[in-house]
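Working through the structure, step by step
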Amino acid sequence: MLRVIALASLTSCANPPNASAPSTATAPSIGPSARLLLRGAVSPDDQFALNQLMDTLQCKEPQRLSSGTAQRTPEPAMLPAEVLTTLEFQVLRAGQPSCAMRWTFSPRAGKTYLVQGLAGAGCGARLLDVSSPERPQIPPDAVLRSLPGQACVPIAQARAAAPRASLIQGGQYKGEAVLNPNASTRDLQGLISR
């Protein structure tokens, strides 16, 4: 028995935890909560992750909520409701963050949120309330905390997440599903033959 305890102690000393790596989240205590989905369009060699920044105001103390790859869809996570929350979407290349986007908002009880990101020449991500999947919308109190050259803008200076074309594949226009809300008749030429 002493040998097992000594071996466990030596193993924990030989492999100290990485202070910069996010810790893994635990389920929120029983109480009102919101469901959080994560989707990402990344290259086959990349990974994407979603962290909750436990120091909401300073964008520090990342705790891993979910992660995935082009081949693996992440499991849903739960967030405590009615609590000011900062989320961070990251694309990881060779295990290192290559880009990150951060938002702060207060999840509402019973709602379902989606963080959908993509990486290619650039990096982008959206935070959406998808409680009504046919009408996804940006949470009304969501503010973008990351701006060019600034990883964590103070909340007082953060700007509201701009409503623009949805990143959800297919998108929508005035609540109706469409392939491309900006498509013209020229874009559709040749699709219908007489």
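Residues numbered from 1 in each chain as written. Predicted model: local features only at pLDDT ≥ 70, side-chain atom pairs only at ≥ 80, totals over all residues. Heavy atoms only, no water.

**Observations concerning the overall build of the protein chain**
- For the protein chain, the helix and strand inventory stands at 2 helices and 13 strands.
- Looking at the protein chain as a whole, 34% of its 194 residues qualify as buried.
- For the protein chain, long-range pairs separated by at least 24 residues make up 57% of all intrachain contacts whose partners lie at least 6 apart in sequence.
- A total of about 12300 Å² of accessible surface is found on the protein chain, and carbon and sulfur atoms cover 56% of it. (Helix = DSSP H or I, 4+ residues; strand = E, 2+ residues; numbered from the N terminus. Buried < 20%, exposed > 50% of the residue type's maximum accessible area, 1.4 Å probe, protein only. Contact = heavy atoms within 4.5 Å. Areas by Shrake-Rupley, 256 points an atom, 1.4 Å probe, with all protein chains shown as cover.)

**Notes on the sheet that holds strand 9 (residues 123–129)**
- The 4 strands are arranged 5-2-8-9 in an open sheet whose pairing can be described as mixed. Of all the strands in the sheet, just strand 5 (77–80) and strand 9 have a single pairing partner and so form its edges. Direction aside, neighbouring strands of the sheet carry axes that sit 25° apart on average.
- Direction of pairing for strand 2 (residues 33–41) relative to strand 5: antiparallel, over a ladder of 4 bridges. (Pairing = 2+ DSSP bridges. Axes fitted to C-alpha atoms, helices over the stretch in contact; angles between N-to-C directions.)

**Structural notes on the pairing of strand 8 (residues 112–119)**
- When you tally the buried positions in strand 8, you get 7 out of 8 residues, the bulk of the element.
- Across 7 bridges, the pairing between strand 2 and strand 8 is parallel. If you follow A41 over to strand 8, its bridge partner there is L118.
- Where strand 8 lies against strand 9, 7 bridges are found, and the strand directions are antiparallel. Residue pairing for strand 9: A119 is matched across the bridge by C123.

**Digging into the confidence of the model for the protein chain**
- In this model, the protein chain carries an average pLDDT of 75, and 66% of its residues clear a pLDDT of 70 or more.
- By mean pLDDT, helix 1 (residues 2–14) is the weakest element of the protein chain at 30, and strand 5 is the strongest at 95.
- Within the model, the stretch residues 1–20 combines pLDDT values under 50 with 0 contacts to residues more than four positions away or in other chains.
- Contacts from residues 169–182, a stretch scored under 50 in pLDDT, to residues over four places away or in other chains number 19 contacts. (pLDDT = per-residue confidence, 0-100.)

**Thoughts on the packing of aromatic side chains**
- Counting across every chain of the model gives 2 aromatic pairs.
- Ring centres of F105 and Y113 lie 5.1 Å apart, and the angle between their planes is 70°; on these two criteria the pair is classed as edge-to-face. Exposure class is identical for F105 and Y113. Each is buried. (Phe/Tyr/Trp six-rings, centres within 6.5 Å; stacked < 30°, edge-to-face > 60°.)

**Side note on the environment of A151**
- Mapped onto the fold, A151 is located in the loop between strand 10 (143–144) and strand 11 (159–160).
- Contact partners of A151, with chain neighbours within four places excluded, come to R102, R145 and S146.

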